Structures are given as structure tokens and as C-alpha cells.
There are 4 protein chains.
Amino acid sequence: MYNTFGDFFKVTTFGESHGKSIGCVIDGCPSGIKLDKKFIQYNLNLRRPGKNKYVSRRNEKDKINIISGIYKKRTTGTPICILVNNFNKISKDYKDIKDVFRPGHADITYYVKYGLRDYKGGGRSSARTTISLVIAGSIAKKILINFFNINIYSYLESISNEKINFVNKKFINSSFFFSPCYKEKKILKKIKSTIKNCDSIGASIKTIITGLFPGIGDPCFKKLDMELARIISGLNAVKAISFGNGIDSINKKGSENNDNINKKGFKSNNSGGILGGISTGQDIFFTTYIKPTPSIFLEQTTLDKNFKEERKINIKGRHDPCVAARAPIIVDSLVSIIILNSIIIQRTNLFV
Amino acid sequence: MYNTFGDFFKVTTFGESHGKSIGCVIDGCPSGIKLDKKFIQYNLNLRRPGKNKYVSRRNEKDKINIISGIYKKRTTGTPICILVNNFNKISKDYKDIKDVFRPGHADITYYVKYGLRDYKGGGRSSARTTISLVIAGSIAKKILINFFNINIYSYLESISNEKINFVNKKFINSSFFFSPCYKEKKILKKIKSTIKNCDSIGASIKTIITGLFPGIGDPCFKKLDMELARIISGLNAVKAISFGNGIDSINKKGSENNDNINKKGFKSNNSGGILGGISTGQDIFFTTYIKPTPSIFLEQTTLDKNFKEERKINIKGRHDPCVAARAPIIVDSLVSIIILNSIIIQRTNLFV
Amino acid sequence: MYNTFGDFFKVTTFGESHGKSIGCVIDGCPSGIKLDKKFIQYNLNLRRPGKNKYVSRRNEKDKINIISGIYKKRTTGTPICILVNNFNKISKDYKDIKDVFRPGHADITYYVKYGLRDYKGGGRSSARTTISLVIAGSIAKKILINFFNINIYSYLESISNEKINFVNKKFINSSFFFSPCYKEKKILKKIKSTIKNCDSIGASIKTIITGLFPGIGDPCFKKLDMELARIISGLNAVKAISFGNGIDSINKKGSENNDNINKKGFKSNNSGGILGGISTGQDIFFTTYIKPTPSIFLEQTTLDKNFKEERKINIKGRHDPCVAARAPIIVDSLVSIIILNSIIIQRTNLFV
Amino acid sequence: MYNTFGDFFKVTTFGESHGKSIGCVIDGCPSGIKLDKKFIQYNLNLRRPGKNKYVSRRNEKDKINIISGIYKKRTTGTPICILVNNFNKISKDYKDIKDVFRPGHADITYYVKYGLRDYKGGGRSSARTTISLVIAGSIAKKILINFFNINIYSYLESISNEKINFVNKKFINSSFFFSPCYKEKKILKKIKSTIKNCDSIGASIKTIITGLFPGIGDPCFKKLDMELARIISGLNAVKAISFGNGIDSINKKGSENNDNINKKGFKSNNSGGILGGISTGQDIFFTTYIKPTPSIFLEQTTLDKNFKEERKINIKGRHDPCVAARAPIIVDSLVSIIILNSIIIQRTNLFV
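Residues numbered from 1 in each chain as written. Chains lettered and ligands numbered in written order. Predicted model: local features only at pLDDT ≥ 70, side-chain atom pairs only at ≥ 80, totals over all residues. Heavy atoms only, no water.

Caption draft 1: Representation of the pairing of strand 10 (residues 203-210) of chain D in the model. All names here are of chain D. Counting buried positions over the eight residues of strand 10 gives eight, a clear majority of the element. Burial along strand 10 is two-sided: Ala-203, Ile-205, Thr-207 and Ile-209 and Ser-204, Lys-206, Ile-208 and Thr-210, pointing in opposite directions, are all buried. Alignment of strand 8 (residues 151-159) against strand 10, held across eight bridges, turns out to be antiparallel. The residue of strand 10 that forms the bridge with Tyr-153 is Ile-208. (Buried < 20%, exposed > 50% of the residue type's maximum accessible area, 1.4 Å probe, protein only. Helix = DSSP H or I, 4+ residues; strand = E, 2+ residues; numbered from the N terminus. Pairing = 2+ DSSP bridges.)

Here is the structure:
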């Protein structure tokens with residue numbers, strides 16, 4: 001019963017990896033907004049598998065089908081339902097795993113929880129369900145850009161233990177891997193050797209929000225960092241999140257870590273643009289840590305679904321060597337929804 | 001309007017650092033539970049300032065006053081209101097800072113947000129407000145222990161760049177600093193030199209949840225790690241959170257990071273006891289990173305509250321050299337509330 | 001942003017009268033339940049227009065299309081999306097009214113609120129959107145019947161000022177007008193003369209819930225009557241709701257109105273099965289009052305959409321002479337969702 | 001767990017009839033508002049028992065004690081906790097009833113639900129808990145008056161089967177019975193004979209909201225009438241609610257019931273100021289029906305708390321002959337909170 005996300009601009013998601021469609025209902029989108037279908041499709045294309053040979057080869061067009069909420073190309077204030085059909089389902093890839101649990105996967109916990117299992121493509125726990133988030137996030141992002149001049153971008157900060165140079169954000173979306181550096185050789189080398197070894201690797205993603213005015217985020221339990229930490233932690237394979245100079249801050253003294261202020265504003269941004277859960281007006285930034293894809297093509301040990309027999313498992317199918325390399329656009333989408341909601345919340349303070 | 005936390009066992013918090021009282025209303029506590037006042041007081045004592053010379057010297061007894069919800073020492077299912085009075089207010093300490101913003105503090109963001117400021121003791125952004133959380137968390141923790149045999153404990157994992165040995169959890173609560181090692185010399189040395197230098201330091205806290213059965217946590221937006229990440233990120237001065245082998249997982253291969261399974265269960269616990277946002281039945285563990293206390297006794301640069309004049313600021317008052325050293329009991333409290341709520345949520349799946 | 005209803009068994013509705021589809025997403029349906037498509041379709045048929053000549057002649061088959069949440073005919077615990085397409089759209093009927101507001105309709109308030117208007121078929125304010133509620137309500141109702149032996153039925157209690165005899169509930173669903181009396185002459189006469197006069201009439205509906213155990217409903221703000229009053233008041237054209245002997249109770253003395261209790265239970269049921277917002281274990285009953293259909297075929301006076309010119313309006317299209325005569329199945333659906341949710345809530349009291 | 005009410009301006013209530021205090025926490029009150037303590041006290045005085053000899057003689061001063069959220073007499077945007085102590089507890093009055101259930105009361109349903117019972121003064125089900133609502137409602141009402149020029153008033157429309165003339169609203173608050181007619185003889189006669197007969201009577205209350213602009217209320221599940229119906233139905237002893245010409249509308253034809261529109265606006269107000277759940281800009285009005293006080297001083301039949309033995313019950317204590325005669329100020333308070341919330345919701349439509 002927890003498939004809805006957002007307080008005002010709300011997204012209810014539905015659909016399984018190998019079902020008819022993935023979709024979402026967006027409730028609370030302001031009325032009178034021109035829906036930019038191209039922008040949604042552009043972002044879905046950034047996310048979609050099969051776009052190059054370094055990501056899952058499941059080949060889906062991921063075209064959107066608008067069911068409701070739009071009249072004469074504009075939002076009406078009523079709920080917007082959008083579907084994306086699943087075409088390229090190869091369920092036979094999953095036949096071998098239907099009676100065992102894949103290590104590192106949610107198979108086992110879903111089974112324990114619900115007493116049954118839609119083993120094909122991971123069912124509802126599949127990353128394919130993030131399509132819904134990209135659709136809704138794109139609409140939110142467009143509103144942030146057009147009406148508030150707020151921009152959000154995410155890129156690969158490091159792949160495995162390799163740091164990636166930040167050169168320019170313009171490279172990000174044309175990169176195979178959301179890399180901010182035009183030279184992708186280092187990344188490519190890592191990815192290729194990972195594919196060759198039938199293994200997978202992890203990575204970290206940096207996200208930057210520019211243009212957000214101060215005063216956004218609400219004590220005590222709707223702080224901006226709480227909201228971001230929550231939603232980012234829910235993204236498949238995320239294992240840690242760090243705000244501002246985050247993890248490093250524990251090695252600093254207060255005198256080094258505090259951001260002093262002068263007439264021009266803050267003299268540094270160790271806080272990552274958030275103090276007491278409220279935006280300072282500086283850039284907000286944080287890092288997301290994503291574990292290696294659990295689906296690997298090496299033999300692993302597991303149990304059968306009766307929890308009795310030990311089994312060897314050899315996973316087939318089409319899987320990303322590094323899921324993090326497709327995640328930045330999803331992170332952007334989630335963040336867009338959070339920021340839009342937080343701005344709306346601020347308006348509920350009647351006299352501001 | 002976001003001072004309530006929890007879905008079923010719900011806590012509404014109120015009160016400011018230098019107001020009459022800090023308090024909370026706990027709604028949704030099951031009926032018929034014997035209220036263990038001593039346990040609440042024990043935990044409040046672990047949290048309270050003035051308990052030793054290495055923490056803030058604000059000397060408060062923090063005795064609880066039960067206003068409602070208890071009849072013949074048992075909960076009735078109706079809301080429980082509990083107050084703790086503020087006695088040891090030295091508001092003059094704050095006179096000097098009333099027209100400037102303390103670097104690293106929420107003063108400036110609250111002021112921008114609300115257009116006014118209760119400068120005394122940080123008002124509502126003060127860590128003193130965590131009293132409410134410890135009260136409610138203690139009630140939740142007792143339920144978890146008595147009815148489910150679930151235990152939660154948190155300890156200092158590292159102080160600044162110094163790792164602390166885990167010896168035994170029995171040392172934690174008798175330590176000055178929630179240290180799991182009976183030798184506290186290393187910590188003490190760090191703290192003393194920090195006090196001497198009028199500065200502050202950061203630290204990390206490790207939390208372990210034992211005894212939680214599998215199947216707890218709900219896709220897509222009520223995953224257990226989402227819930228924990230959210231609430232922990234809201235605690236004063238927290239800057240990062242990492243689940244299982246978290247940040248380190250990005251340096252591993254999938255084949256190293258996946259937890260294989262055999263008849264005895266999982267062969268490792270890199271996941272930290274959560275897969276797909278649902279508990280696996282193993283211990284759940286995560287690390288919280290807390291920045292150095294922003295209130296230091298060194299001169300800093302800041303602005304006056306008209307955002308016009310640059311000012312030097314010299315903070316007085318009673319502040320912790322390392323806020324993290326008082327935080328473990330608060331983390332435990334927050335986690336207890338989350339876990340209790342998550343267990344209740346599982347019961348809403350009617351046929352389980 | 002308020003198109004979701006229910007706390008645990010939750011329904012998010014979408015779709016407009018003349019859009020592609022009407023649909024809903026049901027979140028929180030327990031897993032492992034066999035989905036009874038025939039039962040859903042049966043109830044949709046009871047609701048649908050065009051089923052006889054005394055209701056709107058819009059001829060829709062209203063066949064359901066299941067998009068997600070079902071695996072091997074059973075619910076999986078993931079969100080269930082179901083669509084019903086709109087075929088029989090005659091938008092030209094609405095051309096004449098696109099620049100004026102229909103008296104008694106929500107046209108004018110929607111326009112003021114959203115700044116635009118989907119005039120075709122009432123858009124989102126159309127009673128056609130209740131399809132979503134019947135779909136979700138049917139699933140809830142089936143769970144109530146199969147797992148709890150709780151039954152809910154609603155019937156026409158009076159049409160205009162004419163009281164209808166209650167003979168047997170078995171007549172209700174085969175009646176043209178959800179009448180519990182096999183003789184429908186009186187009703188038919190009223191309806192026919194209303195159609196002839198190009199006018200419309202109101203009616204009242206009685207609803208009875210049998211088999212609900214005591215203890216359901218939660219103080220202070222989740223009382224069973226609060227929940228029912230809320231959702232019933234939201235149904236198109238509803239103007240009043242009365243529980244138990246309701247409106248009549250004000251003419252009684254306490255000594256007449258109190259339900260005394262003896263060994264066999266309550267000696268009367270003036271309360272309507274609810275005391276202090278909590279079920280008593282008796283039958284719950286209430287009456288819903290529905291105004292005459294606002295769309296009539298007589299000339300009326302109104303304003304143009306610039307709020308400047310007075311206009312005469314002659315409504316065309318396909319409208320019910322008495323909307324109440326199609327409403328009982330929708331009331332049942334709404335009540336089913338409320339009761340199922342209330343039962344789930346009771347399970348959140350951990351130790352019951 | 002349902003003791004919180006309101007979406008933005010939120011009230012969490014606590015306290016029992018014979019406990020230490022009744023109180024509330026108001027979360028989401030805008031910052032910078034001057035708190036009008038006198039206005040709160042004035043309304044509490046209108047509500048309080050013991051104010052004349054025709055209402056319960058429990059003599060309470062009901063003075064407010066502000067715990068948090070106010071700084072220099074203004075709201076700070078943080079939660080406002082306010083307490084009212086219980087002094088005049090005569091618990092011995094309740095000794096006789098501690099083992100039996102009072103007919104018409106929530107004793108029996110609370111007992112079944114929670115497995116225990118705070119029999120003194122009805123505990124949490126007592127109308128004394130409405131103090132919290134009057135406190136919060138007074139703050140909301142003052143905001144509505146001062147910032148939006150919206151007024152709300154409620155009065156006795158009929159007592160038992162006796163209609164009361166509406167003369168002028170200025171008489172309401174100085175009347176013993178919230179009567180809008182300066183001649184109270186008819187009411188007095190009814191009340192006196194009821195007291196003499198040791199019985200009780202019911203009544204209806206009319207509520208009028210003036211000055212609310214159009215466009216307030218949200219489809220589909222946050223309609224203004226849904227919100228009002230819900231909260232009013234939750235008030236102790238309420239059995240029915242009717243909007244506009246409500247119950248009478250079923251006897252009218254559409255052509256009589258529709259409110260035609262001309263240049264000056266609507267030509268009538270049968271709708272009661274709400275169409276499609278959204279305010280029309282006209283006065284909003286509705287009627288609340290309240291059953292006779294269940295506590296009467298005549299012998300009644302009931303069961304003991306083991307559900308085994310039949311018992312005679314003779315209620316003592318201090319009870320109102322007509323609870324409705326103290327309810328109008330509480331209805332006003334509830335309505336004020338709803339209207340303020342609904343106005344805030346409208347602001348979440350970003351571009352309005």
C-alpha cells in the first residue's frame with residue numbers, strides 16, 4: 001500500500017517488469033501547465049535499456065501513452081495517468097530461477113513477505129518500475145526549470161574505486177554513462193573488463209541542485225535532507241547517501257567545517273546547501289552510493305524456494321554490469337519531485 | 001506542520017529549548033501496556049546534558065510528567081502526553097548572538113523561513129527537543145524488547161579519524177561516550193584536546209538491530225532503509241548514512257558483495273540485513289555520520305540579521321565538544337519507533 | 001491532489017467522462033486473493049448507463065482491462081491498475097454548453113478553481129468517474145463476504161416524497177431502480193412523468209451493513225460514522241446523511257432513544273449500530289439523501305463563462321431523470337472500501 | 001492513533017475527563033500571528049459547563065496554560081501546546097457505573113475495543129475533550145476573521161420538535177442556549193420540563209459560513225462537504241448532517257432545486273453554497289442533528305461488564321439535559337479548522 005510518493009505533486013506507480021504496462025498516476029499537478037511530451041520521452045530514452053551495448057540489452061522503445069488529465073495539451077488539475085507498454089519480454093530467461101532465490105536480490109524477502117513470487121524479470125522489484133518515476137520526475141523537472149529556474153543534474157562521480165573528473169555538465173547526457181568528462185576510456189575499460197569477467201561493479205553518483213531559494217524544507221520531520229535521504233535510499237541498489245562534505249565532515253574540526261558568512265553570502269559550502277533541514281540558497285549537493293548489480297553471470301550458491309535444498313544458480317537474462325550507470329536520470333527525477341513538493345509546502349505557510 | 005512522526009505509533013513533538021517544557025503526545029500506543037517510567041527515565045538520563053564534564057553542562061534533571069493516556073499504570077489506547085520541564089535556562093548566554101547568525105547553525109535558515117527567531121538556546125532547532133524522541137522511543141523500545149525480543153543498540157564507531165574497538169555492548173551505556181570499549185583513553189584524549197582548543201569534532205555511530213524477523217518493510221516507498229535513512233538524516237548534525245557495507249560496497253565486485261545463501265541461511269551480511277527494502281532476518285546494521293558541533297568557542301565571521309553587516313561572533317553558553325557522543329541513545333529511540341511502526345504495518349496485510 | 005481514498009486498501013482514481021479511459025489503481029490489496037473478474041463486471045453492469053430506458057442512454061459496455069498487480073489470477077500485494085475505456089462519447093451534445101455554466105452543476109466552481117474547463121460530459125466531475133469506485137469497491141466487497149461474512153446492500157428507500165416498501169433484499173439487484181419491492185409501479189410512474197416533464201427528481205437510499213463485529217472504528221477522528229459520512233457526502237448529488245434513527249432522534253427523549261441492553265444484546269437499534277464512532281455488533285444502517293439530477297431538459301437561466309452575459313440554457317445529452325436510481329451500487333462500493341479499511345485499522349492495535 | 005485532525009493547520013488532542021489536563025498541540029499555525037488569548041478564553045467560556053443552571057453543573061474555570069510555540073506573544077511556526085487542567089472531578093459519581101455499561105454511551109464499544117475502561121467521566125469519550133477543539137478552533141477562527149473576513153456562527157435551529165425563530169445572530173452568544181431569538185421561553189420550558197422528568201432531549205443546530213470566496217474544496221476526495229460531514233459527524237451525539245436544502249431537496253424537482261444564475265450571481269441558494277464539493281462564493285450553510293443526551297436520571301436496563309448479568313442502572317453525576325445546547329461553539333470551532341485548512345490547500349495549486 002505504499003506505492004504513492006509525494007505530498008502534493010503525488011505519484012502513484014504500478015506495473016511489473018513483465019506485465020502489460022508500467023505506469024503512473026500523477027495527482028496534484030497544477031492546472032494549465034503545457035505538458036512537454038518530448039521532454040518526458042527524452043528522459044525516458046536516457047534511462048532505457050538497450051540504448052548501448054554497455055547496459056542491459058532488453059530493447060524497449062518506452063513510448064508514453066497518456067490516458068487522462070490532459071485537455072488541449074494542458075494539465076487540467078485532474079490526475080494524469082500515463083502508461084508505457086512492456087514489449088521485449090523474454091520470460092524464458094527466468095525459468096531457471098523460478099524455484100531459487102538470486103543472491104543479493106529481493107526475491108527472497110518478497111517471497112517471505114507476500115507468500116508468492118512473480119519471478120519473471122523481478123516483477124515489481126525490477127528497476128524497470130523506475131519508468132514511472134522518470135515520467136513523473138520529468139514533469140516536475142520541467143516545472144522547476146520553467147517557473148523557478150531550478151536545475152538538477154546527476155553524474156557518475158566514481159566507478160568502483162576510480163574517481164571521474166568533473167569537466168562539464170554538458171557532457172553528462174551524451175555520455176554512455178552519465179559521465180561529466182568527455183574522456184570515457186577509464187570507465188569503458190572498467191565496464192568492459194567487468195562484462196568479460198561476468199561480474200558487476202558499484203559506483204557513486206553526485207547530484208547538484210542549483211537555483212533553489214533559501215527557506216525550503218520543514219522542521220522537524222520534513223527536513224529537506226530527510227526527504228532526499230528517504231527517496232534516494234529507496235532506489236534499487238542504493239546503500240548510502242552523504243550530504244555536503246558528509247562522511248568527510250567527521251574528520252574535520254568545527255572551525256574547519258562551519259561555513260562562515262560574509263556580505264557576499266556563505267564563504268564555503270561544506271553543509272551542501274542545507275542547514276537544520278532548510279535550504280540556505282546555495283547549491284545543494286549530495287552523493288549516492290550504489291552497490292554492484294546483484295545479477296552476475298558467475299555461479300553462486302543459494303537455496304530453493306522451500307528453504308530446504310542448497311542449489312547452484314547461474315543467472316541468465318539481460319543485466320547491467322553497473323546499474324549505477326543508468327541511475328543518474330532516475331535520481332534527478334526523484335529529486336525533482338521532492339524539490340517541487342517542498343516548494344509547494346512552503347506556500348502553505350499562509351502569510352509568506 | 002511536520003512535528004509528527006510515525007504511521008501508527010505516532011509521536012507529535014513540541015517545545016523549545018528555553019520555553020516552559022519539552023513534550024510529546026504519543027498516539028497509537030497499543031492499549032493495556034504497562035508503562036515503564038523507570039526505563040524512560042533511564043534513557044533520558046543517558047541523553048541528558050550535565051551528566052559528566054565532557055558534555056554540555058546545562059544541568060537539567062529531565063523528570064517526566066505524565067499528563068494523559070495512562071490509567072492504573074497501563075496505557076488505555078488513548079494519546080499519551082508527557083512533559084519535561086526546562087529549569088536550567090541561562091538565556092543571557094544567548095544575548096550576544098541574538099542579532100547575528102551562528103555559522104553552521106539553523107539560525108539563518110529558520111529566520112529566512114519564518115521571519116522571526118527565538119534565539120534563546122536555538123529555540124525549536126535545539127537538540128534539547130530530542131527529549132521528546134527519547135521518551136517516545138523508550139516506550140517503543142520496551143514494547144520491542146518485551147513482546148518481540150528485538151534489541152537495538154548504538155555506539156560510537158569512530159571519533160574524528162579514530163576508530164574505536166568494539167569489545168562488548170555491555171560497556172556502551174556505562175561509558176561517558178557510548179563507547180563499546182572499556183578503555184576510553186583515546187576518546188578522552190580527543191575530547192580533552194578539543195575542549196582545550198575551544199573547537200569541536202565529528203564522529204560516526206554504528207547501530208545494530210537484532211531479532212527482527214524477515215518480511216518487514218514495504219515496497220515501493222516504505223522500504224525499511226528509506227524509513228531509517230529519513231529519520232536518522234533528520235537528527236541534528238547528521239550528514240550521512242550507510243547501510244550494511246554501504247559506502248565500501250562500491251569498491252567491490254558483485255561476486256564479492258552478494259550474500260550467498262545456504263541451509264543455515266545467509267553466508268555473509270554485506271546487505272546489512274535488508275534486501276529490496278525488506279528485512280532478511282539477519283541483524284540490521286548501519287552507520288550514521290555526525291558533523292562537529294557547530295557551536296565552538298573560537299571567533300568566527302558572520303552576518304547580522306539584516307544581512308548587511310559583517311560581524312565577528314564569539315559563542316558562549318554550554319555546548320558539547322562532540323554532539324555525536326550524546327547521540328547514540330537518540331538514534332536508538334528513533335530506530336525503535338521506526339521498527340515498531342514497520343511491524344505494525346506488516347499486520348495490515350490482512351492474511352499474514 | 002486528492003484523488004486517492006482509503007488508508008490501507010487505497011484507491012487512486014483517474015479519467016474523465018469523455019477521455020480515453022476511466023481507471024483506478026488499488027494499492028494495499030492483500031496478496032494471494034483470487035480476483036473475481038465476474039463479480040466486478042456484475043457490479044459495473046448494475047451501475048452502467050444504457051442498461052434500461054429509465055436511465056441515461058449513454059451505451060457503454062464498461063469492460064475491465066487489468067493492467068497490473070495480478071499474477072496467475074491472484075493478487076500479488078502490488079498495485080492493481082484497471083482500466084475501462086470510454087466508447088460512446090457524443091461530445092457534440094455538449095457543444096452548446098461549452099460557454100455557459102449549467103445550473104446546479106460543478107461547471108462554475110471547477111472553472112473558478114482551475115481556470116479552465118473540460119466541458120465534455122462534465123470531465124472529471126461526471127458521475128462516470130464512479131466506475132473506478134465500483135471496481136475497487138467490488139474487490140473490497142468480495143473480501144468482506146468471503147473472509148468476514150460481512151454483507152452490504154443499499155436500496156431506494158423513497159423516491160421524491162414516495163416511500164418504498166421494503167419487501168426483500170433479493171429484489172434489489174434485479175430491479176430497474178434498486179427497489180426492494182417487486183412492485184415498481186409507483187416508482188415507474190414517478191420516473192415516467194418526470195421524463196415526460198423534462199424534469200428530474202430526488203430520492204433517498206438506505207444502506208445496511210450486516211455481520212460487522214463490534215469494536216471497529218477509531219476515536220477521535222476515525223470514527224466509523226465520520227468515515228462513512230465523509231465518503232458518502234462526496235458522491236455526486238448527495239445532500240444529507242443520517243445514521244440510525246438520525247434526524248428523527250431529535251424529536252425523541254433520551255429514555256426513548258437509548259438502546260437498553262439485556263442478555264441477548266441490545267433491545268433496539270436506534271443508534272444504527274454505532275456508539276461513540278465504534279461498531280456495536282448490530283446491523284449498521286444509514287440513509288443518504290440525493291438531490292434531483294441537475295441536468296434537466298427545461299430552459300434555465302445562467303451566465304456565460306466570462307461572468308458577463310445572462311444566457312438561456314437548454315441542456316441536451318443523455319441524463320438520468322433520477323441519479324439516485326443508479327447510486328445504490330456506488331454507495332455499496334464506497335461503504336465496502338470504508339469497512340475493509342476499518343477492519344484493517346483494527347489489526348494495527350498490536351495486541352488485539 | 002487518530003487523535004490528529006486537519007491537514008496543514010493540524011490539531012492533536014489528548015486528555016481524559018478526569019485526568020490531569022485536557023490539551024492540544026496545534027501544528028502548522030502560520031508564524032508571526034498574534035495569539036489572542038482572550039478570544040480563546042471567551043470561546044471556552046461559551047462552551048464550559050457550570051455556566052448556568054441548565055447545563056452540566058461541573059464547575060470548571062477552564063483557564064488555558066500555553067506550553068510552547070509562542071514567543072513575544074506571537075506564533076513562531078513551531079507547535080503550540082496548550083493545556084487546561086481538570087479541577088472539579090467528582091469521580092465518586094461514577095463508582096456505581098464502573099461495572100455496567102450506560103445505554104446510549106460509548107462505554108460498551110470502548111470496552112470491547114480496548115479491553116479496559118476508564119469509567120470516570122467517560123474518559124476519552126467525554127464531551128470534555130472538546131475543549132481541545134475549541135482552543136484550536138478559536139485560533140483558526142481568529143485567523144479567518146482577521147485575514148480573510150470570513151465569519152462562522154452556529155445556533156439552535158430547533159429544540160426537540162420545536163422550531164426556533166431566527167431573529168438576529170447577535171443574540172446567540174448571550175443566550176443560555178445559543179438561541180438566535182431573544183425570547184427563550186419556549187426553549188426554557190422544554191429544558192425545565194426535561195430536567196423535571198429526569199430525561200433528556202435532542203436538537204438541531206444550524207451553521208452559517210459567510211465570506212468564503214469561491215473555488216475552495218478539492219475533488220474528488222477533499223470536497224468541502226466531505227470535510228464538513230466528516231468532522232461534524234464525529235462530534236459527540238451527532239446523528240445526521242444536511243447541506244443546503246439537503247433532506248428537503250429530495251422532494252423537489254430539478255427545475256425547483258437548481259440555483260439559476262444571473263448577472264448578480266446565483267438567484268437562490270438551495271445548494272448551501274457548495275457545488276461539486278467546491279464553494280460557490282455564497283453563504284455556506286448546513287444543519288447538524290444531535291440526539292438526546294444518553295445520560296438520563298431514569299432507571300434503565302443494561303448488562304454488567306462481563307456481558308453476563310442484566311442490571312438496572314441509575315446514572316448520577318452532572319449531565320446536560322440537552323447536549324446540543326452547548327454544542328454550537330464546538331461546531332463553529334470544527335468548521336473554522338476545516339475552512340482554514342481548505343484555504344491553505346487552495347494555495348498548494350502553485351499558479352493560483
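Structure shown, so let's carry the discussion forward.
Caption draft 2: The arrangement of the packing of helix 5 (residues 224-233) of chain B against helix 8 (residues 328-347) of chain B in detail. Residue and element names in this part refer to chain B. For the pair helix 5 and helix 8, the least separation of the axes is 10 Å and the interaxial angle reads 145 degrees. Viewed along their axes, helix 5 and helix 8 form a crossing whose handedness is right-handed. Facing Leu-224, Glu-227, Leu-228, Ile-231 and Ile-232 of helix 5, the residues of helix 8 in contact are Val-331, Leu-334, Val-335, Ile-338, Ile-339 and Ser-342. Taken together, the residues of the contact of helix 5 with helix 8 break down into nine nonpolar, one polar and one charged. (Axes fitted to C-alpha atoms, helices over the stretch in contact; angles between N-to-C directions. Left-handed = near helix turned anticlockwise from the far one by under 90°. Contact = heavy atoms within 4.5 Å. Nonpolar A, V, L, I, M, F, W, Y, C, P; charged D, E, K, R; others polar.)

Caption draft 3: Examining the relation of the copies chain A and chain B more closely. Rotating chain A by 180 degrees about the axis while translating it 0.0 Å along that axis superimposes it on chain B, leaving an RMSD of 0.0 Å. Both chain copies can therefore be described as sitting about a two-fold axis. Residues of chain A ranked by C-alpha distance from the rotation axis are headed by Arg230(A), positioned 2.2 Å from it. Here 100% of the contact residues of chain A are again contact residues in chain B; the copies associate through an equivalent surface. (Least-squares fit on C-alpha atoms with pLDDT ≥ 70 in both.)

Caption draft 4: Representation of the interface of chain A and chain B in the model. Each side of the interface is counted separately: chain A has 98 residues, and chain B has 98 residues. Ranking the residues of chain A by area buried against chain B places Tyr2(A), Lys113(A) and Phe221(A) at the top, with a combined share of 12%. Summed over the shared surface of chain A and chain B, the number is two salt bridges. Here Lys113(B) and Asp218(A) are joined by a salt bridge, their closest N and O atoms 3.2 Å apart. For the interface between chain A and chain B, the tally reads 39 residue pairs in polar contact (both at pLDDT 80 or more). Here the element with the most residues in the side of chain A that touches chain B is helix 5 (residues 224-233) of chain A; it accounts for seven residues. Here the residues of the side of chain A that touches chain B are counted per class, giving 41 nonpolar, 37 polar and 20 charged. (Buried area = accessible area lost by both parts, 1.4 Å probe. Salt bridge = Lys/Arg side-chain N within 4 Å of Asp/Glu carboxyl O. Polar contact = N/O pair within 3.5 Å; in protein donor to acceptor, adjacent residues only side chain to side chain.)

Caption draft 5: Spatial organisation of the sheet that holds strand 7 (residues 80-85) of chain C. Residues and elements named next belong to chain C. Spatial ordering of the open sheet is given by 1-2-3-7-4, a layout of five strands whose pairing is antiparallel. Each end of this open sheet is capped by a strand with a single partner; those strands are strand 1 (4-5) and strand 4 (64-68). In this sheet, strand 7 lies alongside strand 3 (residues 21-27) in antiparallel orientation, the contact comprising six bridges. Within strand 7, the position partnered with Ile-26 by the bridge is Ile-80. Its contacts with the sheet put helix 1 (residues 37-47) on strand 4 and strand 7, and the angle it makes with strand 4 is roughly 135 degrees. Where helix 3 (residues 130-148) meets the sheet, its contacts fall on strand 1, strand 2 (10-14), strand 3, strand 4 and strand 7, and the angle it forms with strand 3 comes to roughly 35 degrees.

Caption draft 6: Examining helix 2 (residues 107-114) of chain C more closely. The buried fraction of helix 2 of chain C is high, at seven of eight residues. Regarding helix 2 of chain C, the residues found buried are Asp107(C), Ile108(C), Thr109(C), Tyr110(C), Tyr111(C), Lys113(C) and Tyr114(C). Buried residues in helix 2 of chain C make contact with strand 12 (261-262), strand 13 (265-266), strand 14 (274-275), strand 15 (278-279) and helix 8 (328-347) of chain D. Downstream of helix 2 of chain C by a residue or two, Gly115(C) has a phi angle that is positive, lying close to 75 degrees.

Caption draft 7: The arrangement of the nonpolar core in detail. Phe9(A), Phe9(B), Phe9(C) and Phe9(D) are the most contacted members of the largest nonpolar core, which has 340 residues in total. Residues within four places of Phe9(C) in sequence aside, it is in contact with Ile26(C), Asp27(C), Gly28(C), Cys29(C), Ala136(C), Ile139(C), Ala140(C), Ile143(C), Ile337(C), Leu340(C), Asn341(C) and Ile344(C). (Core = buried A, V, L, I, M, F, W, Y, C linked by side-chain atoms within 4.5 Å.)

Caption draft 8: The arrangement of the sheet that holds strand 3 (residues 21-27) of chain A in detail. Residues and elements named next belong to chain A. Read from one edge of the open sheet, five strands run 1-2-3-7-4, paired in antiparallel fashion. Looking along the sheet, the strands with just one partner apiece sit at the ends: strand 1 (4-5) and strand 4 (64-68). Across the sheet, helix 3 (residues 130-148) lies against strand 1, strand 2 (10-14), strand 3, strand 4 and strand 7 (80-85), angled at about 35 degrees from strand 3, the strand it touches most.

Caption draft 9: Structural detail: the relation of the copies chain D and chain A. For the pair chain D and chain A, the superposition axis carries a translation of 0.0 Å, the fit reaches an RMSD of 0.0 Å, and the rotation angle comes to 180 degrees. Of the residues that chain D buries at the interface, 100% are likewise interface residues in chain A, meaning the two copies contact each other through the same surface.

Caption draft 10: Focus on the interface of chain D and chain A. Across the contact, 15 residues belong to chain D and 15 residues belong to chain A. Surface buried jointly by chain D and chain A totals about 1,400 Å² across both partners, of which 70% is contributed by carbon and sulfur atoms. The largest contributions to the chain D side of the interface with chain A come from Arg347(D), Leu350(D) and Phe351(D), which together make up 50% of the buried area. Counting every contact that joins chain D to chain A gives zero salt bridges. Linking chain D with chain A are one residue pair in polar contact (both at pLDDT 80 or more), by the criterion used here. Considered class by class, the residues forming the side of chain D that touches chain A number 11 nonpolar, three polar and one charged.

Caption draft 11: How the structure looks around the pattern of salt bridges. Counted by the stated rule, this structure contains 48 salt bridges over all chains. Of the charged contacts, one joins Lys98(C) and Asp99(C) as a salt bridge, the two residues approaching to 3.9 Å between their closest N and O atoms. Lys98(C) sits in the partly exposed class, given a relative accessible area of 33%. Put simply, Asp62(D) and Arg128(D) hold a salt bridge, and the shortest N to O gap is 2.8 Å. Placement of Asp62(D) in the loop between helix 1 (37-47) and strand 4 (64-68) and of Arg128(D) in the loop between helix 2 (107-114) and helix 3 (130-148) is noted, with a sequence separation of 66 residues between them. Its relative accessible area of 1% is what places Asp62(D) among the buried residues.

Caption draft 12: Layout of the side chain of Glu60(C). All names here are of chain C. The topology assignment puts Glu-60 in the loop between helix 1 and strand 4. Among the polar contacts listed, one links the side chain of Glu-60 to the backbone nitrogen of Phe-87, at a separation of 3.0 Å. Filtering out sequence-adjacent residues up to four positions away, Glu-60 remains in contact with Arg-48, Asn-85, Asn-86, Phe-87, Asn-88, Lys-89 and Arg-128.

Caption draft 13: Local environment of the packing of aromatic side chains. The full count for this structure, using the stated rule, is 54 aromatic pairs over all chains. Taking 6.0 Å as the distance between ring centres and 90 degrees as the angle between the ring planes, the aromatic pair formed by Phe176(A) and Phe177(A) counts as edge-to-face. Judged by relative accessible area, Phe176(A) falls into the partly exposed class, the value being 37%. Each ring, one from Tyr54(B) and one from Phe177(B), has its centre 5.7 Å from the other, and the planes form 45 degrees; the classification is tilted. Here the residue Tyr54(B) occupies a position in the loop between helix 1 (37-47) and strand 4 (64-66), and Phe177(B) occupies one in the loop between strand 9 (162-163) and helix 4 (185-196), the gap between them amounting to 123 residues. (Phe/Tyr/Trp six-rings, centres within 6.5 Å; stacked < 30°, edge-to-face > 60°.)

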